[in-house]
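Structural overview
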2 protein chains.
Amino acid sequence: MELYLIRHGIAEDKQPDVKKDEERTLTKEGRQKTEKVAQQLKKLGLHFDLIATSSLVRARQTAEILISAGLSSQLEECKYLAHDGAIDSWVVDWLKPRNYSPQTQLALVGHEPDLSAWAEILVWGQAKSGLVLKKAGMIGVKLPETGSPLGRSQIFWLTPPRYLL
Amino acid sequence: MELYLIRHGIAEDKQPDVKKDEERTLTKEGRQKTEKVAQQLKKLGLHFDLIATSSLVRARQTAEILISAGLSSQLEECKYLAHDGAIDSWVVDWLKPRNYSPQTQLALVGHEPDLSAWAEILVWGQAKSGLVLKKAGMIGVKLPETGSPLGRSQIFWLTPPRYLL
């Protein structure tokens, strides 16, 4: 199975007195760059069986741009993708019960530093900030066909948006 | 400093009775794909201060294609990039004495499983086959400005050729 960990695009600055963090939206530039990334991924032939997204507005908007570009027809919110979600809980409580086939391609839209930490834990079993994941960037991880993916997966792709545009 | 670890393109099959391993050349397809990758890297604005290559023919030919595409004007062979070269020796004996500036961009052309192991050791301090590096694919690693890069670097790019073409 292939996981595509996608960070949300450029969002509004934090303004704690005006707007809650979870309501921050993509900026015009963030929206445009994310649309270009989505179009490029489509051109490269990618298709996701499902896009799971953090419920935070900037992630949800990013996921919707991916859907609009034709990268998937399935979108759902996933609580584990909000800040501080634990990948071991996601694997046990979300992924395993779904029993996906090895051909499944899933996109997860979320936040940093969580997504790059998830990738590191999938591959090396622990996170130590060894991956740079830019906004609207992506990490592709191949999970093993059987057994736990934690510490047993492989990274086959990691791209900042500037090398996709 | 940025390191770009580039695997040689598709080469002739092994024929131990006919040709030594180190003399295997790129196939026509390998040459064409590598040329496309080189042109795409040039289009993305990359430029290397130096391309260091394994002396094996298939790596040397790959490096020459990168030079022909205008990605660098400097090419040299590096014995540490031949099979089983040790990255700690490369860091101490090759990299450190050169005292490159933090803005330096180096390309290293070599072989698997060595290059992906080098990247893992740079980032996580040990290798466990957690990175997939295809022929003519590339891993971009950012080294820290001071101190040993081993276990202290970051991967900012990893791409198979099919996502560059």
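Scoring rules and cut-offs
Residues numbered from 1 in each chain as written. Chains lettered and ligands numbered in written order. Predicted model: local features only at pLDDT ≥ 70, side-chain atom pairs only at ≥ 80, totals over all residues. Heavy atoms only, no water. Helix = DSSP H or I, 4+ residues; strand = E, 2+ residues; numbered from the N terminus. Rg over C-alpha atoms; globule rule 2.2 N^0.38 Å. Buried < 20%, exposed > 50% of the residue type's maximum accessible area, 1.4 Å probe, protein only. Contact = heavy atoms within 4.5 Å. Areas by Shrake-Rupley, 256 points an atom, 1.4 Å probe, with all protein chains shown as cover. Lys, Arg positive; Asp, Glu negative; His and termini not counted. Charge placed at Lys NZ, Arg CZ, Asp CG, Glu CD. Salt bridge = Lys/Arg side-chain N within 4 Å of Asp/Glu carboxyl O. Phe/Tyr/Trp six-rings, centres within 6.5 Å; stacked < 30°, edge-to-face > 60°. Lys NZ or Arg CZ within 6 Å of the ring centre and 35° of its normal. Least-squares fit on C-alpha atoms with pLDDT ≥ 70 in both. Core = buried A, V, L, I, M, F, W, Y, C linked by side-chain atoms within 4.5 Å.

**Regarding the overall build of chain A**
A tally of regular secondary structure across chain A gives four helices and six strands. Reading the helices (α) and strands (β) of chain A from amino to carboxyl end gives β-α-β-α-β-α-β-α-β-β. Expected size for 165 residues packed as a compact globule is a radius of gyration near 15 Å; at 15 Å, chain A falls within 12% of this value. Along the three orthogonal principal directions, the C-alpha set of chain A runs to about 45 × 35 × 30 Å. Burial analysis of chain A (165 residues in total) assigns 52% to the buried set. Put simply, of all contacts in chain A between residues at least 6 apart along the chain, 67% involve residues at least 24 apart. Total accessible area computed for chain A in this model is approximately 7,500 Å², and 45% of it derives from carbon and sulfur atoms. Distance between charge centres in chain A, computed from 22 positive and 20 negative side chains, equals 5 Å.

**Examining the pattern of salt bridges**
Residue and element names in this part refer to chain A. Scanning the entire structure with this criterion turns up 12 salt bridges over all chains. A salt bridge links arginine 58 to aspartate 21, with the nearest nitrogen and oxygen atoms 3.4 Å apart. Placement of the pair is arginine 58 in helix H2 (residues 57-68) and aspartate 21 in the loop between strand E1 (2-7) and helix H1 (28-43), with a sequence separation of 37 residues. Note on aspartate 21: relative accessible area 26%, which makes it partly exposed. Several salt bridges converge on common partners, so that one network encompasses Asp21, Arg24 and Arg58.

**Comments concerning the packing of aromatic side chains**
Tallied over the full model, the rule gives 15 aromatic pairs over all chains. Where tryptophan 94 of chain A meets tyrosine 100 of chain A, the ring centres are 6.4 Å apart and the plane angle is 50 degrees; that geometry is what we call tilted. Look at tyrosine 100 of chain A and you get partly exposed, because its relative accessible area is 25%. Three or more aromatic residues link up through ring pairs in this structure, and these residues are Tyr4, Phe48, Phe156 and Trp157 of chain A together with Tyr163 of chain B. For the cation-ring pair, arginine 98 of chain A lies above tryptophan 94 of chain A, with the distance from its terminal atom to the ring centre recorded as 3.8 Å.

**A closer look at the environment of valine 141 of chain A**
Residue and element names in this part refer to chain A. Within the secondary structure, valine 141 is located in strand E5 (residues 138-142). Here valine 141 falls in the buried class, since its relative accessible area comes to 0%. Once the C-alpha coordinates of valine 141 and alanine 107 are considered, the two residues, 34 residues apart in sequence, prove to be 10 Å apart.

**A short note on the relation of the copies chain A and chain B**
In the superposition of chain A on chain B (RMSD 0.0 Å, axial shift 0.0 Å), the rotation amounts to 180 degrees. The symmetry that links the two subunits is that of a two-fold axis. Of the C-alpha atoms belonging to chain A, the one lying closest to the rotation axis is found on leucine 158 of chain A, 2.4 Å away. Counting the interface residues of chain A, we find that 100% of their copies in chain B are interface residues as well, pointing to one common contact surface.

**Quick word on the nonpolar core**
Judged by nonpolar contacts, the single largest core of 56 residues is most densely connected at Trp90 and Val141 of chain A together with Trp90 and Val141 of chain B. Ignoring anything within four residues of it in the chain, the contact list for valine 141 of chain A reads Met1, Glu2, Leu3, Leu5, Ala119, Leu122, Val123, Ser153, Gln154, Ile155 and Phe156 of chain A. One finds Ile51, Leu66, Val109 and Ala136 of chain B within the second-largest nonpolar core, a separate group that totals 24 residues.

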